[in-house]
Amino acid sequence: DTAVSQTPKYLVTQMGNDKSIKCEQNLGHDTMYWYKQDSKKFLKIMFSYNNKELIINETVPNRFSPKSPDKAHLNLHINSLELGDSAVYFCASSQRASTGELFFGEGSRLTVL
Amino acid sequence: QQPVQSPQAVILREGEDAVINCSSSKALYSVHWYRQKHGEAPVFLMILLKGGEQKGHEKISASFNEKKQQSSLYLTASQLSYSGTYFCGTEREGGSEKLVFGKGTKLTVNP
């Protein structure tokens, strides 16, 4: 069983479209994250939820909206996609919000044309 | 706020040693090390907490000097499987609950 799973693994879409990425973890962790990895491999935190509550919201355009229906799921919806949104988006989870080992999903590669 | 890693890249022959450094301008609570192979997700290696401890993981170990706000990752007798990009992640003192990663160090181990 995959510990942290993301779908879809690949998205190719046109500028201006809206897309969603889903993430699920079966580790029983309380905290989930979204990280963005750009073409230069820089891993940047975007959001973090602890037990469905948003605890980290970095300087991210409000076109990005995370949603956590329960502590095992964290989805990311992106409106009005731009070229600069092209990246690999990683979902991760940890047992607790701080000092916890991060378990990453396989990543979702988004390409905006 | 982002930690600085050095070197940016290193090329080794199998069996050689390497050191990767990570430094921060802020007081740190913890340092995390991850390895990412091409096309894969980052994988956890170890966490070092404030207290200057050293940790080991097979032939990979790390130290954390909280006074200097620095951590070093030591890879000894490198194997081909060690190839990948190594990221340090730092959590600031004060419990920001946010792990900020450095830009990574690309390690290539050749036969």
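Just above, that's the structure.
Summary of the structure given here.

About the thresholds
- Sequence positions are assigned chain by chain, starting from 1 and proceeding in written order.
- Ligands are numbered from 1 and chains lettered from A, in the order in which they are written.
- In view of the model being predicted, local features appear only for residues whose pLDDT reaches at least 70, and side-chain atom pairs are presented and counted only at 80 or more, with totals across whole chains, interfaces and linings using the full set of residues.
- Computation of side-chain values covers all heavy atoms of the structure but excludes hydrogens and water.
- Only strands joined by at least two bridges in the DSSP assignment are considered to pair.
- The numbering of helices and of strands both runs from the N terminus, where a helix is a DSSP run of H or I of at least 4 residues and a strand a run of E of at least 2.
- Note on contacts: a residue pair qualifies if any of its non-hydrogen atoms lie within 4.5 Å across the two residues.
- We define a salt bridge as a contact between a side-chain nitrogen of Lys or Arg and a carboxyl oxygen of Asp or Glu at a distance within 4 Å.
- Here a polar contact is taken to be a pair of N or O atoms separated by no more than 3.5 Å, where protein atoms must pair a possible hydrogen donor with a possible acceptor and residues adjacent in sequence count only if both atoms sit in side chains.
- Ten residue types, Ala, Val, Leu, Ile, Met, Phe, Trp, Tyr, Cys and Pro, are classed as nonpolar, four, Asp, Glu, Lys and Arg, as charged, and the remainder, Gly among them, as polar.
- Pairing of aromatic rings covers Phe, Tyr and the six-membered ring of Trp, with a centre-to-centre limit of 6.5 Å; geometry is then stacked below 30 degrees between planes, edge-to-face above 60, and tilted otherwise.
- Note on exposure labels: buried denotes an accessible area under 20% of the residue type's maximum, exposed denotes more than 50%, and partly exposed covers the range between, all computed with a 1.4 Å probe on protein chains only.
- By nonpolar core is meant a set of buried Ala, Val, Leu, Ile, Met, Phe, Trp, Tyr and Cys residues that side-chain atoms within 4.5 Å join together.

On to the pairing of strand 5 (residues 43-49) of chain B. Looking along a regular strand, one sees side chains alternate from face to face of the sheet. With 6 bridges joining them, strand 4 (residues 28-36) of chain B and strand 5 of chain B adopt antiparallel strand pairing. Looking at strand 5 of chain B, one finds that B:Ser30 is bridged to B:Leu49.

Across the contact, 20 residues belong to chain B and 19 residues belong to chain A. Taken together, chain B and chain A are joined by 1 salt bridge. Summed over the shared surface of chain B and chain A, the number is 4 residue pairs in polar contact (both at pLDDT 80 or more). Breaking the side of chain B that touches chain A down by element, the ones donating at least two residues are strand 4, strand 5 and strand 9 (84-92) of chain B. For the side of chain B that touches chain A, the leading source of residues is strand 4 of chain B, giving 5 residues. Its residues assigned to classes, the side of chain B that touches chain A comprises 10 nonpolar, 6 polar and 4 charged.

A few words now on the side chain of A:Thr31. Locating A:Thr31 in the fold gives a position in strand 4 (residues 31-37). Engagement of the side chain of A:Thr31 in a polar contact is seen with the side chain of A:Asn50, the distance being 2.8 Å.

For any pair of aromatic rings, the description rests on two quantities: the centre-to-centre distance and the angle between the ring planes. According to the stated counting rule, one finds 9 aromatic pairs over all chains in the structure shown. Relative to A:Phe104, the ring of A:Tyr35 lies with its centre 5.8 Å away and its plane at 55°, an arrangement referred to as tilted. With A:Tyr35 in strand 4 and A:Phe104 in strand 10 (residues 103-104), this pair connects stretches of sequence that are 69 residues apart. Judged by relative accessible area, A:Tyr35 falls into the buried class, the value being 0%. Judged by centre distance (5.8 Å) and plane angle (90°), the ring pair of A:Phe104 and B:Tyr34 falls under edge-to-face.

A word on the side chain of A:His29. Residues and elements named next belong to chain A. The topology assignment puts histidine 29 in the loop between strand 3 (19-25) and strand 4. Note on histidine 29: relative accessible area 7%, which makes it buried. Polar side-chain contacts of histidine 29 include one of 2.8 Å to the side chain of serine 93. When neighbours within four sequence positions are excluded, histidine 29 is seen to be in contact with Lys71, Ser93, Ser94, Gln95 and Phe103.

Another aspect to go through is the nonpolar core. In summary, soluble globular proteins display a tendency toward joint burial of nonpolar side chains. With 21 residues, the main nonpolar core has B:Trp33, B:Met46, B:Leu73, B:Leu75, B:Tyr82, B:Tyr86 and B:Leu107 as its most contacted residues. Broken down by secondary-structure element, the contributors of at least two residues to this core are strand 2 (9-13), strand 3 (18-23), strand 4, strand 5, strand 7 (60-65), strand 8 (70-75), strand 9 and strand 11 (105-110) of chain B. Not counting residues within four places of it along the chain, the set of residues in contact with B:Tyr82 comprises B:Arg35, B:Lys37, B:Lys59, B:Ile60, B:Leu75, B:Thr76, B:Ala77, B:Leu107 and B:Val109. Of all hydrophobic cores here, the second largest spans 20 residues; its members include A:Cys23, A:Ala87, A:Cys91 and A:Val112.

It is worth spelling out the pairing of strand 11 of chain B at this point. Residues and elements named next belong to chain B. The alternating pattern of strand 11 places Thr105, Leu107 and Val109 on a buried face and Lys106, Thr108 and Asn110 on a face that is not buried. Relative to strand 11, strand 2 runs parallel, the two being bridged by 5 bridges. When the bridges of strand 11 are listed, valine 10 appears paired with leucine 107. With 3 bridges connecting them, strand 9 and strand 11 associate as antiparallel partners. When the bridges of strand 11 are listed, tyrosine 86 appears paired with threonine 105.

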